[in-house]
Amino acid sequence: MTDLNEFQQEVRTWLEVNCPASMRTPMVADEVTIGGRDTTFKNPDTKLWLERMGNKGWTAPTWPKKYGGGGLSPQETNILKQELKRIKARVPMISFGLWMIGPVLLEYGTEEQKQEHLPKIVRGEISWCQGYSEPGYGSDLAGLQTRAVEDGEDYIINGQKVWTSYADKCDWIYALVRTNTEVKHGGITMILFDMASTGVSTRPIKLISGLSSFCETFFDDVRVPKKNVVGEVNDGWAVSNRLLQFERENISADVFASDEVFDVRKIAKDYCSGSDGKVSDPLVRDSLSKILMKDHALKLTFKRVMEGTKAGSSTGSTSSIFKFIGAELNKDRYEFAIDAMGQQGMGWEGKAFTPYQLDVAHEWLRSKANSIEGGTTEINLNVIAKRVLGLRDS
Amino acid sequence: MSMILSEEQVLLQDSAREFIKDQSPVSLLRQLRDEKDDFGYSKELWSYMTEMGWAGINIPEKYDGLDFGFKGLGIIMEEAGRTLTASPLLSTVVLGANSIVLGGSDEQKSTILPKVASGDCILALAVDEGPHHDPENISVEAKKTDTGYLLNGTKQFVIDGHIADYFIVAARISDQAGSLTGLSLLLVDKETSGIHIDRLSMVDGRNSANVTFDNVSLGASALLGEEKNGGDLLYKVLDLGRIALAAEMLGTMQQAFDTILAYLKERKQFGKLIGSFQALQHRAAIMFSDIELCKSVVMAALTAVETNSDDLAQLASLAKATVNDAYHQISNEAIQMHGGIGMTDEFDIGFYLKRARIAEVTLGSSSYHRRRYANLNGY
Ligand SMILES: Cc1cc2nc3c(=O)[nH]c(=O)nc-3n(C[C@H](O)[C@H](O)[C@H](O)COP(=O)(O)OP(=O)(O)OC[C@H]3O[C@@H](n4cnc5c(N)ncnc54)[C@H](O)[C@@H]3O)c2cc1C
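Residues numbered from 1 in each chain as written. Chains lettered and ligands numbered in written order. Predicted model: local features only at pLDDT ≥ 70, side-chain atom pairs only at ≥ 80, totals over all residues. Heavy atoms only, no water.

Draft legend 1. Just the site of the ligand, in detail. Neighbouring the ligand are 20 residues, the closest being Ser133, Ser139, Trp163, Thr376 and Glu378 of chain A. Among the chains of the assembly, those with residues near the ligand are chains A and B. A distance of 2.9 Å is found between an oxygen atom of the ligand and a backbone nitrogen or oxygen belonging to Tyr132 of chain A. Here a nitrogen atom of the ligand sits 3.0 Å away from a polar atom, N or O, in the main chain of Trp163 of chain A. Relative to its free-state accessible area of 970 Å², the ligand is covered by the protein chains to the extent of 69%. Within the residue set of the shell around the ligand, elements represented by two or more residues are β3 (154-165) and α11 (377-388) of chain A. For the shell around the ligand, the two domains that each supply at least three residues are domain 2 (128-230) and domain 3 (238-388) of chain A. (Near = heavy atom within 4 Å. Polar contact = N/O pair within 3.5 Å; in protein donor to acceptor, adjacent residues only side chain to side chain. Areas by Shrake-Rupley, 256 points an atom, 1.4 Å probe, with all protein chains shown as cover. Helix = DSSP H or I, 4+ residues; strand = E, 2+ residues; numbered from the N terminus. Domains from an automatic or database assignment.)

Draft legend 2. Spotlight on the nonpolar core. Residue and element names in this part refer to chain B. Membership of the largest hydrophobic core comes to 144 residues, with the highest contact counts inside it found for Phe70, Leu234 and Leu264. At 20 residues, the largest contribution of residues to this core is made by helix α7 (residues 230-264). Each residue touching Phe70, except ones within four places of it in the same chain, is listed here: Asn58, Val94, Asn98, Leu240, Ile243, Ala244, Leu302, Val305 and Glu306. (Core = buried A, V, L, I, M, F, W, Y, C linked by side-chain atoms within 4.5 Å. Buried < 20%, exposed > 50% of the residue type's maximum accessible area, 1.4 Å probe, protein only. Contact = heavy atoms within 4.5 Å.)

Draft legend 3. Spatial organisation of the packing of helix α8 (residues 282-310) of chain A against helix α11 (residues 366-376) of chain B. The contact between α8 of chain A and α11 of chain B brings their axes to 9 Å, and the two run at 85 degrees. Between α8 of chain A and α11 of chain B, the angle is such that the two are roughly perpendicular. Contacts between α8 of chain A and α11 of chain B pair Arg285, Asp286, Ser289, Lys290, Leu292, Met293 and His296 of chain A from the former with Ser367, His369, Arg370, Arg371, Tyr373, Ala374 and Asn375 of chain B from the latter. When grouped by side-chain class, the residues that make up the contact of α8 of chain A with α11 of chain B number four nonpolar, five polar and five charged. (Axes fitted to C-alpha atoms, helices over the stretch in contact; angles between N-to-C directions. Parallel < 35°, antiparallel > 145°, perpendicular 65-115°, else oblique. Nonpolar A, V, L, I, M, F, W, Y, C, P; charged D, E, K, R; others polar.)

Draft legend 4. Quick look at the confidence of the model for chain B. With 98% of its residues at a pLDDT of 70 or more, chain B has an overall mean of 96. If you check the scores for this complex, the pTM reads 0.92 and the ipTM reads 0.95. (pLDDT = per-residue confidence, 0-100.)

Draft legend 5. Region of the structure containing the domain arrangement of chain B. Residue and element names in this part refer to chain B. With domains assigned, chain B is organised as domain 1 (7-120), domain 2 (124-228) and domain 3 (232-376). Taking the mean C-alpha position of each, domain 1 and domain 3 sit 21 Å from one another. At the interface, 23 residues of domain 1 touch 30 residues of domain 3. Of the roughly 2,300 Å² buried between domain 1 and domain 3 on both sides combined, carbon and sulfur atoms contribute 67%. Sorting the residues of domain 1 by area buried against domain 3 places Phe70, Lys71 and Arg82 first, and these three jointly supply 29% of that buried surface. In this structure, the connection of domain 1 to domain 3 is made through four salt bridges. The salt bridge partner of Arg30 is Asp348, with a shortest N-O separation of 2.9 Å. Across the contact surface, domain 1 and domain 3 share 12 residue pairs in polar contact (both at pLDDT 80 or more). Those elements giving two or more residues to the side of domain 1 that touches domain 3 turn out to be α2 (26-34), α4 (70-82) and α5 (89-103). Taken together, the residues that form the side of domain 1 that touches domain 3 break down as 10 nonpolar, eight polar and five charged. (Buried area = accessible area lost by both parts, 1.4 Å probe. Salt bridge = Lys/Arg side-chain N within 4 Å of Asp/Glu carboxyl O.)

Draft legend 6. Spatial organisation of the side chain of Glu78 of chain B. Residues and elements named next belong to chain B. Turning to its location among the elements, Glu78 is positioned in helix α4. Here Glu78 occupies a buried position and makes no salt bridge, while the nearest side chain of opposite charge, Arg82, is found at 4.9 Å. Apart from residues lying up to four places away in sequence, Glu78 is in contact with Ala247, Glu248, Leu250, Gly251 and Gln254. (Lys, Arg positive; Asp, Glu negative; His and termini not counted.)

Draft legend 7. Fine view of the interface of chain B and chain A. Facing the 41 residues of chain B at the interface are 40 residues of chain A. Buried area between chain B and chain A, summed over both chains or domains, comes out near 3,500 Å², and the portion from carbon and sulfur atoms is 66%. It is Leu293, Arg370 and Tyr379 of chain B in chain B that bury the most area against chain A; as a group they hold 21% of the surface buried on that side. Our count for the chain B to chain A interface comes out at two salt bridges. As a salt-bridge pair, Arg304 of chain A and Glu292 of chain B come within 3.0 Å of each other at their nearest N and O atoms.

Draft legend 8. Here's a closer look at the side chain of Glu134 of chain A. Residues and elements named next belong to chain A. Along the polypeptide, Glu134 turns up in the loop between β1 (128-131) and β2 (147-151). What makes Glu134 buried here is its relative accessible area of 5%. Polar side-chain contacts of Glu134 include one of 2.9 Å to the side chain of Lys161. Residues within four places of Glu134 in sequence aside, it is in contact with Leu144, Gln145, Thr146, Gln160, Lys161 and Val162.

Draft legend 9. Representation of the packing of aromatic side chains. All names here are of chain A. Applying the stated rule across the entire model yields 13 aromatic pairs over all chains. Here the aromatic rings of Trp163 and Phe214 are separated by 5.2 Å at their centres, their planes lie at 45 degrees, and the arrangement is tilted. Linking Trp163 in strand β3 with Phe214 in strand β7 (residues 214-225), this pair joins segments that are 51 residues apart in sequence. Given the relative accessible area of 47%, Trp163 is considered partly exposed. Using a relative accessible area of 17% as the deciding quantity, one classes Phe214 as buried. (Phe/Tyr/Trp six-rings, centres within 6.5 Å; stacked < 30°, edge-to-face > 60°.)

Draft legend 10. Structural context of the domain arrangement of chain A. All names here are of chain A. The domain boundaries assigned to chain A delineate domain 1 (2-123), domain 2 (128-230) and domain 3 (238-388). Taking only C-alpha atoms into account, the centre of domain 1 sits 27 Å from that of domain 2. Taken together, the contact pairs 15 residues of domain 1 with 18 residues of domain 2. Surface buried jointly by domain 1 and domain 2 totals about 1,400 Å² across both partners, of which 63% is contributed by carbon and sulfur atoms. Where domain 1 packs against domain 2, one counts two salt bridges. In this structure, the salt-bridge partner of Arg37 is Asp194, at a minimum N-O distance of 2.6 Å. For the pair domain 1 and domain 2, the interface holds four residue pairs in polar contact (both at pLDDT 80 or more). Sorting the residues of the side of domain 1 that touches domain 2 by element identifies α4 (96-108) and α5 (111-122) as the ones contributing at least two each. Here the side of domain 1 that touches domain 2 gets seven residues from one element, more than from any other, and that element is α4. In terms of residue class, the side of domain 1 that touches domain 2 is made up of eight nonpolar, four polar and three charged.

Below you can see the structure in the form of structure tokens.
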């Protein structure tokens, strides 16, 4: 116990010294970083904060030290999280590397792959994008057609991906490709390659929120060494499902975190309170309670499932449950926010609105993707119905 | 590891589940209802439950109880809920016994608690005065007299009110309605003159009664806890009741859901199992997810009681509201997904719908608890 207390003290002191003051203020959209080779930082503190956390290994607190991680125990990781939360520290970066491909490499990667990629992910030196969805194959991902054909020690890759988040900004991609055309699920392989490879091109797509955070991605005779395959050839479906689990968990974990960053209670108080400082409209108050209570219940469920997993009992497919509830909750949260803020929360641009108000409006639009990205709500409900409840299609 | 059961608790759960399945099928409630049973619960079942120590599960060993802790009680409530077991668990073991354990004098404890533990004494907490749970606005009055109190007014929907040996009455000694101050809890023997009891027949077939106190004269020793400071005690006890009832409802809704799921895997239409229709699959998946949330809030609330957490009130409201809403939805789907057969009295599922609505409003509807959660969180 005293060891943990000491650790807590150590973390606290370190954060005191190393977390810049501006990194303890609510995140603003244009200061979010995904790291990577050519990143520029609007706020120099963002760079400093990422470097410091990365060098300490605390962007990936649980990963082994030999791969650049923090090597912390679950208890220590909790303490770190608590301390970060206490000072309202910003997440150092948004990273598919940390959340998705990293954990997968830890489980499926070769030693060489781990050595090469993990430390750079931890420090935010290389950013990653995810090449799964294709124009004809979204929910029905296993139908994907991007081809990888053997050529000596390499694969030659041809095809098109779509909705590839940050593809135009990322350094590397983990892609699902077809290595066997005879079978659907059993013909898929996960492979890693540099987005600077000859034959890779991207075209940004504009979102309803006005941002263009995702792209169409084209592969035209891209040459990739065979040693970049993750797991076994033709076993990509299992690998990608494992990754999707991490993704779903992270999307929901992200939603939990946003409680602090995006405070609906404060919005309600700021825009809808009466003279006693409480929300005056009983219906608004009731809606707010619904959201906060759902959030509370979801967090407790997260805790219960964690404890259950530690004790060796699992409900199964919990990531789908979290993804489904978390996504719908986050959409509700933004609907509540713009409802509470009224038209002041629906500004597109201009001086009549504060940056925060504009952020809310754009994030409200962005939140609609929560139930689409990483598996739609309907697909997650299918997973629960089939895998957990055992309901069959015939 | 506060959110999962200990080994000892798992054992209790297993034995409770077995026992309830064998001794308290839904047909027992049906029989009590059809025969308009005088007690509204099976005395035989209650004596078995007592033998297993359930009546005294929250009572200190000193007063012949088991002192097993509140999570143990929660487990029993959940299992009893699965088959809609009618018993004095909520009225006597949760609300009644805990009022006395928490607020009673040594004398009150030693006269009443051993009798509760042996199953020989039924207690009823008399709080509500209208169709909605509203403990903030209690107006039943206890006037101070030279020798004690004079109680006047009517309490409504008192759980097990017609079979209670003692009432624990929440009354106002002074101050205005609308505040917690000035409330006291009074322990009233049913034999005291001036008490009129009107048994109610409710849709769920469970027990409740309206109780009128007409110039009921009480000694000073009737007071439970401190005079005028009964509000905190009452709130604590109500929160225990809400949490235990939420546990019961959790069991009931899981059973209703299991029944739905079994039917989805059995009934065929258009040449296929109805569980293959995606419209039903998705609704089932949503219900399942809601139940997962309910398990967590109930567990967190039970834990909060055992650790005497500052969050108790908030978690009690969270648990009751969350469970209310999920059970509401599941009870409706339970009828709908069974089609015509769901509408028949012969099929048990209707009992689950009827119990749902009563349980939802008992000790606070969802809107009540969302309002309270807002108050507790200062918005
Ligand atoms: C913001 C954002 C970021 C994304 N980032 C990435 C990324 O980085 N990399 C990547 O590979 N992909 C990414 N995606 C793509 C995402 O994974 C897909 O959009 C998603 O899987 C859905 O596929 P689709 O768009 O083709 O929709 P479709 O599959 O065509 O779905 C259309 C509608 O039909 C429903 N539907 C489909 N099948 C069924 C079924 N069996 N039962 C019931 N309903 C069904 C869906 O739920 C949906 O409502 C991103 C998407 C968004 C919105």
